[in-house]
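Observations on the model geometry
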Amino acid sequence: MTRSDATGSRTIPPSIGYVLGTIGYVLRTVTWLRSLLRFLSGSARDLAPIVLVIALFQGVVLRQPFPDLGGALFGLVMVLFGLAFFVRGLDLGLFPLGESMAHAFARKGSLGWLMAFSFALGFGTTVAEPALIAIAQEASEVAALGGAIADEAAARERYALGLRLTVAVAVGVALVIGVFRILTGWPIHLMIAGGYVIVIVLTTFAPEEIIGIAYDSGGVTTSTITVPLVTALGVGLASSIEGRHPVLDGFGLIAFASLTPIAFVLCYGMLI
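Quick look at the structure, then.

Rules of the game
- Residues numbered from 1 in each chain as written.
- Predicted model: local features only at pLDDT ≥ 70, side-chain atom pairs only at ≥ 80, totals over all residues.
- Heavy atoms only, no water.
- Phe/Tyr/Trp six-rings, centres within 6.5 Å; stacked < 30°, edge-to-face > 60°.
- Helix = DSSP H or I, 4+ residues; strand = E, 2+ residues; numbered from the N terminus.
- Buried < 20%, exposed > 50% of the residue type's maximum accessible area, 1.4 Å probe, protein only.
- Salt bridge = Lys/Arg side-chain N within 4 Å of Asp/Glu carboxyl O.

With respect to the packing of aromatic side chains
- Enumeration according to the criterion identifies four aromatic pairs in this entry.
- Here the aromatic rings of Phe119 and Phe123 are separated by 6.3 Å at their centres, their planes lie at 20°, and the arrangement is stacked. One end of the pair is Phe119 and the other is Phe123, both in helix 3 (residues 111–127) and four residues apart, which spans about a single turn.
- We classify Phe123 as partly exposed; its relative accessible area is 26%.
- Seen from their ring centres, Phe180 and Trp186 are 5.2 Å apart, and the 80° between their planes marks the pair as edge-to-face.
- Accessibility expressed as a relative area gives 33% for Phe180, which makes it partly exposed.
- You can call Trp186 partly exposed: its relative accessible area is 43%.

Given below as structure tokens:
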């Protein structure tokens, strides 16, 4: 039975309140688990093709057992959860953050601050890219073995750091160019075509040992950290400017971020 307090209002007995609280907690937990299973199933669908390819070639073509099946399965589970949480984090954090900042800069109306933010965003996200760090370290070791630099730890570190900074500056410049294109409405196909003409010309003068590294640098910059923020910046900016369409004008920054590092690294190879 319910009890009344001094004012005559009824209060819920502690036992009933505890039961209601427990039911609410269980319902929230079930909802959270359903959401988690939905994210995991989506990640499993994304991973299924590459898992099937590896299993097919390992078991049917090579006809060899996995060297460490338990470790491979554990790693696959970690990748599954990591991909699910990463995609969810993009939806909750990076995409809304990038779009909101783009809207804020568009309302502020300061071209200088917008360009400074675009460069800083491109530089900061790229210099932290794990793929770029890995390829810079690998390139420094290959350059040392090939005699391009001294085979010393300090020389390899300087070479790798220089390569990373060069690519990061290139992506920063790319975002400045891309944002300026969104503001002016210049045709992207002409700008990209002109950029690759410059790359072809630079390739003819660059040292042979830097050409492959330069072309690979354009790919590693468009990875897990850079792409979400850069895409959100372009779409958010195009949505905030009158006369610009998010689909027609908001995309394309990634193309510039893939192009300019090639030219910058080719120049880097000619200078060192």
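From this point on, the discussion continues.
Description of the pattern of salt bridges
- Enumeration over the complete set of coordinates arrives at one salt bridge.
- Residue Asp151 pairs with Arg156 through a salt bridge whose shortest N-O separation is 2.7 Å.
- With relative accessibility at 25%, the residue Arg156 sits in the partly exposed group.

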